[in-house]
Amino acid sequence: MAAVNGALTRALLRLFAVQGSYNYERMLGVGTGVAEEPLLRDLDAAKYGPAVARGGHFFNAHPYLAGLAIGAAARAEHDGAAPDQIERLREALCGPLGSLGDRLVWAGWLPFLSGLTMAAIALGAGWIAVAAFLFIYNIGHVALRWWALKAGWTHGTRVSVALHHPVLQQAGAVLGPAMAVAVGAALPLTAAFLSGPFAPWARIALAIVAAVSFILLRLLSARLNGLRLSLAVAALALVAGVLWP
Amino acid sequence: MILPLEVLLALVVWGTVVGVDLVSLPQMMIARPLVAGTVAGAILGDIPTGLKLGVVFELLQYDILPVGAVRYPEYGPATVAAVATAHASSGVLGLGLGALVGLVTGLIGGLTINLLRRVNSRVVHAAAAQLESGDPGALVRVHVGGLLRDALRAALVTIVGLVLAWLARPLLGNAITVRGAVLLAVAAVSTALAAGAAGTLRLVGRGPNLAWFAAGLGGGLVATLWLR
(Lines give C-alpha, C1' and ligand atoms only; values in the text may rest on other atoms or scores of the structure.)
Protein backbone atom coordinates (compact mmCIF):
# COMPACT_ATOMS: atom_id res chain seq x y z
CA MET A 1 0.00 0.00 0.00
CA ALA A 2 2.82 2.40 0.93
CA ALA A 3 4.58 1.52 -2.34
CA VAL A 4 1.42 2.31 -4.34
CA ASN A 5 0.94 5.62 -2.53
CA GLY A 6 4.59 6.51 -3.18
CA ALA A 7 4.21 5.68 -6.88
CA LEU A 8 0.97 7.67 -7.07
CA THR A 9 2.67 10.66 -5.41
CA ARG A 10 5.57 10.50 -7.88
CA ALA A 11 3.09 10.23 -10.76
CA LEU A 12 1.17 13.24 -9.39
CA LEU A 13 4.32 15.36 -9.16
CA ARG A 14 5.23 14.46 -12.75
CA LEU A 15 1.66 15.28 -13.83
CA PHE A 16 2.30 18.94 -13.02
CA ALA A 17 4.68 18.92 -16.01
CA VAL A 18 2.50 16.72 -18.24
CA GLN A 19 2.55 19.33 -21.03
CA GLY A 20 6.29 20.01 -20.78
CA SER A 21 7.03 18.53 -24.20
CA TYR A 22 3.72 19.48 -25.87
CA ASN A 23 3.98 18.90 -29.62
CA TYR A 24 1.78 18.47 -32.69
CA GLU A 25 2.80 14.81 -33.19
CA ARG A 26 1.89 13.16 -29.87
CA MET A 27 0.40 16.20 -28.10
CA LEU A 28 0.64 15.35 -24.34
CA GLY A 29 1.76 11.79 -25.13
CA VAL A 30 5.38 12.00 -24.00
CA GLY A 31 4.34 13.78 -20.79
CA THR A 32 1.73 11.13 -19.97
CA GLY A 33 4.37 8.44 -20.51
CA VAL A 34 6.73 10.18 -18.09
CA ALA A 35 3.95 10.58 -15.50
CA GLU A 36 2.75 6.98 -15.84
CA GLU A 37 6.20 5.41 -15.55
CA PRO A 38 6.40 5.34 -11.69
CA LEU A 39 3.15 3.34 -11.65
CA LEU A 40 4.65 0.72 -14.00
CA ARG A 41 7.91 0.01 -12.15
CA ASP A 42 6.65 -3.11 -10.37
CA LEU A 43 5.55 -4.80 -13.61
CA ASP A 44 7.81 -7.67 -14.67
CA ALA A 45 10.57 -6.85 -17.15
CA ALA A 46 8.74 -8.31 -20.17
CA LYS A 47 5.70 -6.10 -19.58
CA TYR A 48 7.47 -2.95 -18.34
CA GLY A 49 9.10 -1.79 -21.63
CA PRO A 50 6.01 -2.17 -23.85
CA ALA A 51 3.86 -0.52 -21.15
CA VAL A 52 6.23 2.48 -20.95
CA ALA A 53 6.20 2.75 -24.77
CA ARG A 54 2.38 2.69 -24.82
CA GLY A 55 2.28 5.37 -22.13
CA GLY A 56 4.20 7.73 -24.45
CA HIS A 57 1.83 7.33 -27.42
CA PHE A 58 -0.48 10.10 -28.69
CA PHE A 59 -2.71 11.54 -26.02
CA ASN A 60 -4.65 14.76 -25.71
CA ALA A 61 -7.00 15.88 -22.95
CA HIS A 62 -7.34 18.56 -20.34
CA PRO A 63 -4.02 18.56 -18.43
CA TYR A 64 -5.67 18.55 -14.99
CA LEU A 65 -7.65 15.40 -15.86
CA ALA A 66 -4.91 13.55 -17.77
CA GLY A 67 -4.18 11.66 -14.53
CA LEU A 68 -7.47 9.81 -14.92
CA ALA A 69 -6.27 8.21 -18.15
CA ILE A 70 -2.78 7.65 -16.77
CA GLY A 71 -4.05 5.93 -13.62
CA ALA A 72 -6.55 3.84 -15.58
CA ALA A 73 -3.98 2.76 -18.17
CA ALA A 74 -1.43 1.85 -15.46
CA ARG A 75 -4.03 -0.18 -13.54
CA ALA A 76 -5.05 -1.92 -16.80
CA GLU A 77 -1.40 -2.84 -17.40
CA HIS A 78 -1.24 -4.36 -13.91
CA ASP A 79 -4.53 -6.21 -14.45
CA GLY A 80 -3.13 -7.83 -17.61
CA ALA A 81 -5.47 -6.11 -20.09
CA ALA A 82 -4.63 -6.64 -23.77
CA PRO A 83 -2.41 -3.93 -25.35
CA ASP A 84 -5.14 -3.10 -27.90
CA GLN A 85 -7.66 -2.58 -25.11
CA ILE A 86 -5.32 -0.18 -23.28
CA GLU A 87 -4.69 1.81 -26.46
CA ARG A 88 -8.44 2.00 -27.10
CA LEU A 89 -9.04 3.09 -23.49
CA ARG A 90 -6.59 5.98 -23.84
CA GLU A 91 -8.09 7.03 -27.17
CA ALA A 92 -11.64 6.82 -25.81
CA LEU A 93 -10.78 9.06 -22.85
CA CYS A 94 -9.27 11.93 -24.89
CA GLY A 95 -12.58 13.53 -25.91
CA PRO A 96 -14.53 13.21 -22.64
CA LEU A 97 -11.61 14.34 -20.47
CA GLY A 98 -10.96 17.27 -22.79
CA SER A 99 -14.54 18.51 -22.83
CA LEU A 100 -15.11 17.91 -19.10
CA GLY A 101 -11.90 19.74 -18.14
CA ASP A 102 -12.61 22.63 -20.49
CA ARG A 103 -16.11 23.04 -19.05
CA LEU A 104 -15.09 22.69 -15.41
CA VAL A 105 -11.81 24.60 -15.42
CA TRP A 106 -11.22 26.82 -18.49
CA ALA A 107 -14.89 27.86 -18.77
CA GLY A 108 -15.83 27.55 -15.09
CA TRP A 109 -13.46 27.59 -12.11
CA LEU A 110 -10.79 29.82 -13.69
CA PRO A 111 -12.94 32.63 -15.17
CA PHE A 112 -15.20 32.52 -12.08
CA LEU A 113 -12.28 33.25 -9.73
CA SER A 114 -10.64 35.62 -12.21
CA GLY A 115 -13.89 37.63 -12.47
CA LEU A 116 -14.20 37.80 -8.68
CA THR A 117 -10.56 38.90 -8.43
CA MET A 118 -10.97 41.67 -11.02
CA ALA A 119 -14.08 42.91 -9.21
CA ALA A 120 -12.24 42.84 -5.87
CA ILE A 121 -9.30 44.79 -7.31
CA ALA A 122 -11.69 47.36 -8.76
CA LEU A 123 -13.26 47.70 -5.31
CA GLY A 124 -9.84 48.37 -3.76
CA ALA A 125 -8.78 44.95 -2.41
CA GLY A 126 -5.35 45.29 -4.05
CA TRP A 127 -2.75 42.50 -4.12
CA ILE A 128 -4.57 40.52 -1.42
CA ALA A 129 -7.25 39.69 -4.00
CA VAL A 130 -4.57 38.30 -6.30
CA ALA A 131 -3.01 36.22 -3.50
CA ALA A 132 -6.45 34.85 -2.58
CA PHE A 133 -7.10 34.01 -6.26
CA LEU A 134 -3.86 32.05 -6.48
CA PHE A 135 -4.48 30.18 -3.22
CA ILE A 136 -8.13 29.28 -3.80
CA TYR A 137 -7.65 28.40 -7.47
CA ASN A 138 -4.89 25.96 -6.64
CA ILE A 139 -6.91 24.20 -3.95
CA GLY A 140 -9.29 23.18 -6.73
CA HIS A 141 -6.46 22.58 -9.19
CA VAL A 142 -4.43 20.20 -7.01
CA ALA A 143 -7.54 18.44 -5.68
CA LEU A 144 -8.74 17.77 -9.23
CA ARG A 145 -5.37 16.40 -10.37
CA TRP A 146 -5.13 14.10 -7.30
CA TRP A 147 -8.74 12.90 -7.56
CA ALA A 148 -8.33 12.15 -11.28
CA LEU A 149 -5.18 10.07 -10.77
CA LYS A 150 -6.65 8.15 -7.81
CA ALA A 151 -9.95 7.53 -9.64
CA GLY A 152 -8.14 6.24 -12.73
CA TRP A 153 -5.97 3.92 -10.63
CA THR A 154 -9.01 2.68 -8.65
CA HIS A 155 -11.28 1.94 -11.60
CA GLY A 156 -8.87 0.83 -14.34
CA THR A 157 -10.69 -0.09 -17.56
CA ARG A 158 -14.04 0.78 -15.93
CA VAL A 159 -12.90 4.37 -15.39
CA SER A 160 -15.94 5.82 -17.18
CA VAL A 161 -17.78 5.30 -13.86
CA ALA A 162 -15.62 8.06 -12.35
CA LEU A 163 -16.67 10.53 -15.04
CA HIS A 164 -20.25 10.28 -13.73
CA HIS A 165 -19.22 11.22 -10.19
CA PRO A 166 -22.01 13.42 -8.72
CA VAL A 167 -19.56 16.10 -7.54
CA LEU A 168 -18.36 16.59 -11.14
CA GLN A 169 -21.94 16.86 -12.37
CA GLN A 170 -22.89 19.35 -9.63
CA ALA A 171 -19.71 21.39 -10.12
CA GLY A 172 -20.45 21.66 -13.84
CA ALA A 173 -24.01 22.84 -13.12
CA VAL A 174 -22.94 25.46 -10.55
CA LEU A 175 -19.75 26.84 -12.12
CA GLY A 176 -21.37 27.94 -15.41
CA PRO A 177 -23.87 30.38 -13.82
CA ALA A 178 -21.33 31.41 -11.14
CA MET A 179 -18.77 32.30 -13.82
CA ALA A 180 -21.38 34.25 -15.81
CA VAL A 181 -22.42 36.32 -12.76
CA ALA A 182 -18.85 36.95 -11.59
CA VAL A 183 -17.47 38.12 -14.93
CA GLY A 184 -20.66 40.04 -15.74
CA ALA A 185 -20.32 41.97 -12.48
CA ALA A 186 -16.59 42.49 -12.98
CA LEU A 187 -16.91 44.19 -16.39
CA PRO A 188 -18.52 47.52 -15.34
CA LEU A 189 -16.47 47.63 -12.15
CA THR A 190 -13.18 47.19 -14.04
CA ALA A 191 -14.31 49.72 -16.67
CA ALA A 192 -14.77 52.30 -13.88
CA PHE A 193 -11.48 51.27 -12.23
CA LEU A 194 -9.41 51.56 -15.41
CA SER A 195 -11.03 54.77 -16.65
CA GLY A 196 -10.71 56.50 -13.27
CA PRO A 197 -7.90 58.89 -14.34
CA PHE A 198 -9.53 59.72 -17.72
CA ALA A 199 -11.06 63.11 -18.54
CA PRO A 200 -14.81 63.13 -19.38
CA TRP A 201 -14.16 63.31 -23.17
CA ALA A 202 -11.85 60.29 -22.91
CA ARG A 203 -14.52 58.29 -21.04
CA ILE A 204 -17.01 59.00 -23.83
CA ALA A 205 -14.39 57.94 -26.40
CA LEU A 206 -13.75 54.79 -24.35
CA ALA A 207 -17.45 53.86 -24.35
CA ILE A 208 -17.74 54.40 -28.12
CA VAL A 209 -14.55 52.48 -29.01
CA ALA A 210 -15.45 49.63 -26.63
CA ALA A 211 -18.94 49.31 -28.15
CA VAL A 212 -17.64 49.34 -31.75
CA SER A 213 -14.86 46.89 -30.83
CA PHE A 214 -17.34 44.54 -29.15
CA ILE A 215 -19.59 44.56 -32.23
CA LEU A 216 -16.60 43.90 -34.53
CA LEU A 217 -15.40 41.01 -32.35
CA ARG A 218 -18.89 39.46 -32.37
CA LEU A 219 -19.46 39.93 -36.11
CA LEU A 220 -15.97 38.96 -37.30
CA SER A 221 -15.14 36.35 -34.67
CA ALA A 222 -13.74 33.94 -37.28
CA ARG A 223 -11.10 36.40 -38.51
CA LEU A 224 -10.64 38.92 -35.73
CA ASN A 225 -9.37 38.36 -32.19
CA GLY A 226 -8.75 40.65 -29.24
CA LEU A 227 -5.01 40.95 -29.88
CA ARG A 228 -5.34 41.94 -33.56
CA LEU A 229 -8.09 44.42 -32.82
CA SER A 230 -6.19 45.94 -29.89
CA LEU A 231 -3.04 46.34 -31.97
CA ALA A 232 -4.99 47.91 -34.85
CA VAL A 233 -6.82 50.37 -32.58
CA ALA A 234 -3.61 51.19 -30.72
CA ALA A 235 -1.86 51.91 -34.03
CA LEU A 236 -4.69 54.26 -35.04
CA ALA A 237 -4.48 55.97 -31.64
CA LEU A 238 -0.71 56.36 -32.01
CA VAL A 239 -1.05 58.04 -35.41
CA ALA A 240 -3.79 60.30 -34.08
CA GLY A 241 -1.66 61.00 -31.01
CA VAL A 242 1.29 62.14 -33.07
CA LEU A 243 -0.85 64.33 -35.35
CA TRP A 244 -3.25 65.81 -32.76
CA PRO A 245 -1.54 68.78 -31.02
CA MET B 1 13.47 52.94 -18.72
CA ILE B 2 16.61 52.69 -16.58
CA LEU B 3 16.40 49.98 -13.93
CA PRO B 4 19.01 48.55 -11.56
CA LEU B 5 20.54 45.31 -12.83
CA GLU B 6 19.10 43.23 -9.98
CA VAL B 7 15.58 44.48 -10.75
CA LEU B 8 16.02 43.68 -14.44
CA LEU B 9 17.28 40.20 -13.58
CA ALA B 10 14.35 39.66 -11.21
CA LEU B 11 11.93 40.68 -14.00
CA VAL B 12 13.59 38.27 -16.47
CA VAL B 13 13.43 35.42 -13.94
CA TRP B 14 9.80 36.23 -13.12
CA GLY B 15 8.86 36.48 -16.81
CA THR B 16 10.53 33.12 -17.44
CA VAL B 17 8.69 31.42 -14.58
CA VAL B 18 5.43 32.97 -15.79
CA GLY B 19 6.08 31.84 -19.38
CA VAL B 20 6.83 28.27 -18.32
CA ASP B 21 3.72 28.13 -16.13
CA LEU B 22 1.41 28.86 -19.07
CA VAL B 23 1.71 25.38 -20.58
CA SER B 24 4.63 23.39 -19.21
CA LEU B 25 4.98 23.55 -15.43
CA PRO B 26 2.98 23.64 -13.14
CA GLN B 27 -0.01 25.50 -14.67
CA MET B 28 -0.87 27.05 -11.30
CA MET B 29 -1.96 30.26 -13.06
CA ILE B 30 0.92 32.53 -12.14
CA ALA B 31 0.87 33.02 -15.92
CA ARG B 32 -2.46 34.84 -15.56
CA PRO B 33 -1.87 38.56 -16.18
CA LEU B 34 -3.45 39.44 -12.82
CA VAL B 35 -0.71 37.50 -11.02
CA ALA B 36 2.13 38.21 -13.46
CA GLY B 37 1.38 41.95 -13.40
CA THR B 38 0.99 42.24 -9.62
CA VAL B 39 4.28 40.47 -8.89
CA ALA B 40 6.08 42.47 -11.62
CA GLY B 41 4.69 45.60 -9.95
CA ALA B 42 5.96 44.37 -6.58
CA ILE B 43 9.44 43.78 -8.06
CA LEU B 44 9.40 47.37 -9.35
CA GLY B 45 7.96 48.71 -6.11
CA ASP B 46 4.83 49.81 -7.98
CA ILE B 47 1.97 47.38 -7.22
CA PRO B 48 -0.85 49.77 -8.37
CA THR B 49 0.62 49.87 -11.89
CA GLY B 50 1.00 46.07 -11.83
CA LEU B 51 -2.65 45.66 -10.83
CA LYS B 52 -3.87 48.06 -13.52
CA LEU B 53 -1.95 46.46 -16.39
CA GLY B 54 -2.78 43.04 -14.94
CA VAL B 55 -6.49 43.81 -15.22
CA VAL B 56 -6.12 45.11 -18.82
CA PHE B 57 -4.38 41.93 -19.97
CA GLU B 58 -6.62 39.68 -17.86
CA LEU B 59 -9.58 41.06 -19.84
CA LEU B 60 -7.74 40.30 -23.09
CA GLN B 61 -7.07 36.78 -21.79
CA TYR B 62 -10.84 36.11 -21.84
CA ASP B 63 -10.58 36.15 -25.62
CA ILE B 64 -8.61 32.89 -25.38
CA LEU B 65 -9.96 29.41 -24.66
CA PRO B 66 -6.88 27.15 -24.67
CA VAL B 67 -8.55 24.01 -26.01
CA GLY B 68 -6.67 21.40 -28.04
CA ALA B 69 -3.77 22.78 -30.06
CA VAL B 70 -5.32 26.20 -30.59
CA ARG B 71 -2.85 29.07 -31.16
CA TYR B 72 -3.03 32.06 -28.87
CA PRO B 73 -1.02 35.10 -27.75
CA GLU B 74 1.00 34.80 -24.57
CA TYR B 75 0.02 37.51 -22.10
CA GLY B 76 2.11 36.47 -19.05
CA PRO B 77 5.61 37.74 -19.97
CA ALA B 78 3.81 40.43 -22.00
CA THR B 79 2.24 41.77 -18.81
CA VAL B 80 5.65 41.82 -17.11
CA ALA B 81 7.04 43.93 -19.99
CA ALA B 82 3.92 46.13 -19.95
CA VAL B 83 4.29 46.87 -16.23
CA ALA B 84 8.00 47.68 -16.68
CA THR B 85 7.06 50.14 -19.46
CA ALA B 86 4.25 51.76 -17.51
CA HIS B 87 6.42 52.10 -14.39
CA ALA B 88 8.84 54.27 -16.38
CA SER B 89 6.11 56.68 -17.57
CA SER B 90 3.66 58.12 -15.11
CA GLY B 91 -0.14 58.17 -15.34
CA VAL B 92 -2.16 57.68 -18.50
CA LEU B 93 0.91 57.70 -20.79
CA GLY B 94 2.29 54.73 -18.85
CA LEU B 95 -0.97 52.81 -19.21
CA GLY B 96 -1.10 53.34 -22.99
CA LEU B 97 2.58 52.70 -23.71
CA GLY B 98 2.61 49.71 -21.34
CA ALA B 99 -0.38 48.14 -23.07
CA LEU B 100 1.19 48.71 -26.51
CA VAL B 101 4.49 47.05 -25.48
CA GLY B 102 2.54 44.22 -23.85
CA LEU B 103 0.42 43.61 -26.96
CA VAL B 104 3.49 43.37 -29.21
CA THR B 105 5.24 41.08 -26.69
CA GLY B 106 2.09 38.93 -26.45
CA LEU B 107 2.07 38.54 -30.23
CA ILE B 108 5.74 37.52 -30.25
CA GLY B 109 5.17 35.12 -27.35
CA GLY B 110 2.32 33.41 -29.20
CA LEU B 111 4.48 32.94 -32.30
CA THR B 112 7.27 31.38 -30.23
CA ILE B 113 4.86 28.91 -28.62
CA ASN B 114 3.87 27.67 -32.07
CA LEU B 115 7.52 27.47 -33.10
CA LEU B 116 8.42 25.53 -29.93
CA ARG B 117 5.68 22.98 -30.59
CA ARG B 118 7.01 22.45 -34.12
CA VAL B 119 10.54 21.95 -32.78
CA ASN B 120 9.22 19.53 -30.15
CA SER B 121 7.39 17.61 -32.89
CA ARG B 122 10.65 17.17 -34.82
CA VAL B 123 12.49 16.03 -31.69
CA VAL B 124 9.76 13.52 -30.85
CA HIS B 125 9.70 12.30 -34.45
CA ALA B 126 13.48 11.82 -34.47
CA ALA B 127 13.36 9.93 -31.16
CA ALA B 128 10.44 7.70 -32.20
CA ALA B 129 12.49 4.48 -32.32
CA GLN B 130 13.91 5.05 -28.82
CA LEU B 131 10.49 5.94 -27.47
CA GLU B 132 8.97 2.79 -29.00
CA SER B 133 11.69 0.67 -27.39
CA GLY B 134 10.17 1.48 -23.99
CA ASP B 135 13.33 3.09 -22.66
CA PRO B 136 12.17 5.38 -19.82
CA GLY B 137 15.44 7.32 -20.04
CA ALA B 138 14.65 8.33 -23.64
CA LEU B 139 11.15 9.39 -22.60
CA VAL B 140 12.49 11.57 -19.78
CA ARG B 141 15.24 13.07 -21.99
CA VAL B 142 12.73 14.14 -24.68
CA HIS B 143 10.38 15.51 -22.04
CA VAL B 144 12.99 17.44 -20.04
CA GLY B 145 14.40 18.79 -23.32
CA GLY B 146 10.96 20.21 -24.11
CA LEU B 147 10.74 21.82 -20.67
CA LEU B 148 14.18 23.43 -21.00
CA ARG B 149 13.37 24.74 -24.49
CA ASP B 150 10.19 26.29 -23.10
CA ALA B 151 12.17 27.96 -20.30
CA LEU B 152 14.63 29.36 -22.85
CA ARG B 153 11.74 30.54 -25.02
CA ALA B 154 10.02 32.27 -22.11
CA ALA B 155 13.27 33.97 -21.06
CA LEU B 156 13.86 35.25 -24.60
CA VAL B 157 10.30 36.57 -24.91
CA THR B 158 10.66 38.38 -21.58
CA ILE B 159 14.00 39.89 -22.63
CA VAL B 160 12.53 41.06 -25.95
CA GLY B 161 9.60 42.57 -24.03
CA LEU B 162 11.93 44.41 -21.67
CA VAL B 163 13.99 45.72 -24.63
CA LEU B 164 10.74 47.05 -26.14
CA ALA B 165 9.94 48.59 -22.76
CA TRP B 166 13.35 50.27 -22.74
CA LEU B 167 12.82 51.64 -26.27
CA ALA B 168 9.19 52.73 -25.83
CA ARG B 169 9.76 55.89 -23.82
CA PRO B 170 12.51 57.49 -25.99
CA LEU B 171 10.89 56.43 -29.29
CA LEU B 172 7.23 57.11 -28.56
CA GLY B 173 6.98 58.91 -25.24
CA ASN B 174 8.62 62.06 -26.56
CA ALA B 175 6.83 62.06 -29.96
CA ILE B 176 3.32 61.63 -28.64
CA THR B 177 1.19 64.54 -27.39
CA VAL B 178 -0.71 64.52 -24.09
CA ARG B 179 -3.99 63.94 -25.94
CA GLY B 180 -2.29 61.20 -27.93
CA ALA B 181 -1.21 59.47 -24.74
CA VAL B 182 -4.80 59.55 -23.50
CA LEU B 183 -6.00 58.15 -26.86
CA LEU B 184 -3.53 55.28 -26.61
CA ALA B 185 -4.74 54.44 -23.10
CA VAL B 186 -8.37 54.69 -24.26
CA ALA B 187 -7.59 52.33 -27.16
CA ALA B 188 -5.98 49.76 -24.85
CA VAL B 189 -8.68 49.83 -22.16
CA SER B 190 -11.65 49.91 -24.55
CA THR B 191 -10.47 46.99 -26.71
CA ALA B 192 -9.56 45.00 -23.59
CA LEU B 193 -13.08 45.54 -22.21
CA ALA B 194 -14.59 44.57 -25.57
CA ALA B 195 -12.42 41.43 -25.78
CA GLY B 196 -13.33 40.53 -22.20
CA ALA B 197 -17.05 40.93 -22.87
CA ALA B 198 -16.97 39.11 -26.23
CA GLY B 199 -14.86 36.26 -24.84
CA THR B 200 -17.14 35.84 -21.82
CA LEU B 201 -20.22 35.76 -24.02
CA ARG B 202 -18.61 32.96 -26.06
CA LEU B 203 -18.21 30.97 -22.84
CA VAL B 204 -21.71 31.84 -21.64
CA GLY B 205 -23.45 30.94 -24.92
CA ARG B 206 -27.14 31.48 -25.62
CA GLY B 207 -28.46 29.15 -22.91
CA PRO B 208 -29.64 29.91 -19.36
CA ASN B 209 -26.21 31.25 -18.37
CA LEU B 210 -26.92 34.32 -20.51
CA ALA B 211 -29.52 35.42 -17.95
CA TRP B 212 -26.96 34.93 -15.16
CA PHE B 213 -24.47 37.03 -17.12
CA ALA B 214 -27.07 39.79 -17.55
CA ALA B 215 -27.83 39.64 -13.82
CA GLY B 216 -24.13 39.97 -12.99
CA LEU B 217 -23.73 42.83 -15.45
CA GLY B 218 -26.72 44.62 -13.93
CA GLY B 219 -25.38 44.11 -10.42
CA GLY B 220 -21.95 45.39 -11.46
CA LEU B 221 -23.50 48.49 -13.04
CA VAL B 222 -25.54 49.25 -9.92
CA ALA B 223 -22.47 48.80 -7.72
CA THR B 224 -20.41 51.04 -10.01
CA LEU B 225 -23.01 53.84 -9.95
CA TRP B 226 -23.54 53.48 -6.19
CA LEU B 227 -19.81 53.77 -5.50
CA ARG B 228 -19.30 56.90 -7.63
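Enquirer: Describe the domain arrangement of chain A, naming the residues involved and giving the relevant values.
Expert: Here chain A is described as being made up of domain 1 (2–194) and domain 2 (196–245). For domain 1 of chain A versus domain 2 of chain A, the distance between C-alpha centres works out to 37 Å.

Enquirer: Which residues make up the packing of helix α2 (residues 29–40) of chain A against helix α7 (residues 136–173) of chain B, and what are the values?
Expert: Between α2(A) and α7(B), whose axes approach to 9 Å, the crossing angle comes to 130°. Put simply, α2(A) runs oblique to α7(B). α2(A) and α7(B) meet at a crossing whose hand is left-handed. Mapping the contact onto sequence places V30(A), G31(A), G33(A), V34(A) and E37(A) in α2(A) and P136(B), L139(B), V140(B), V142(B) and H143(B) in α7(B).

Enquirer: An account of the interface of chain A and chain B is needed here, citing residue identities and associated values.
Expert: Counting residues at the interface gives 85 residues for chain A and 90 residues for chain B. Looking at the side of chain A that touches chain B, the elements that each hand over two or more residues are α2, α3 (45–55), α5 (83–122), α6 (127–155), α8 (166–194), α9 (200–219) and α10 (226–243) of chain A. Considering each element in turn, the side of chain A that touches chain B owes the most residues, 18 residues, to α8(A). Across the side of chain A that touches chain B, the residue classes break down as 57 nonpolar, 23 polar and five charged.

Enquirer: Quick rundown of the packing of α2(A) against helix α4 (residues 66–78) of chain A? Include the residues and the values.
Expert: Packed helices, taken two at a time, are described by their axes: the angle between them and the distance between them. All names here are of chain A. α4 packs onto α2 with a crossing angle of 40° between their chain directions and a minimal axis gap of 9 Å. The angle between α2 and α4 falls in the class oblique. Of the two possible hands of crossing, α2 and α4 adopt the one that is right-handed. Within the contact between the two elements, α2 uses T32, A35, E36, L39 and L40 and α4 uses A66, A69, I70, A73, A74 and E77.

Cut-offs and rules
Residues numbered from 1 in each chain as written. Chains lettered and ligands numbered in written order. Predicted model: local features only at pLDDT ≥ 70, side-chain atom pairs only at ≥ 80, totals over all residues. Domains from an automatic or database assignment. Axes fitted to C-alpha atoms, helices over the stretch in contact; angles between N-to-C directions. Helix = DSSP H or I, 4+ residues; strand = E, 2+ residues; numbered from the N terminus. Parallel < 35°, antiparallel > 145°, perpendicular 65-115°, else oblique. Left-handed = near helix turned anticlockwise from the far one by under 90°. Contact = placed C-beta atoms within 7 Å. Nonpolar A, V, L, I, M, F, W, Y, C, P; charged D, E, K, R; others polar.

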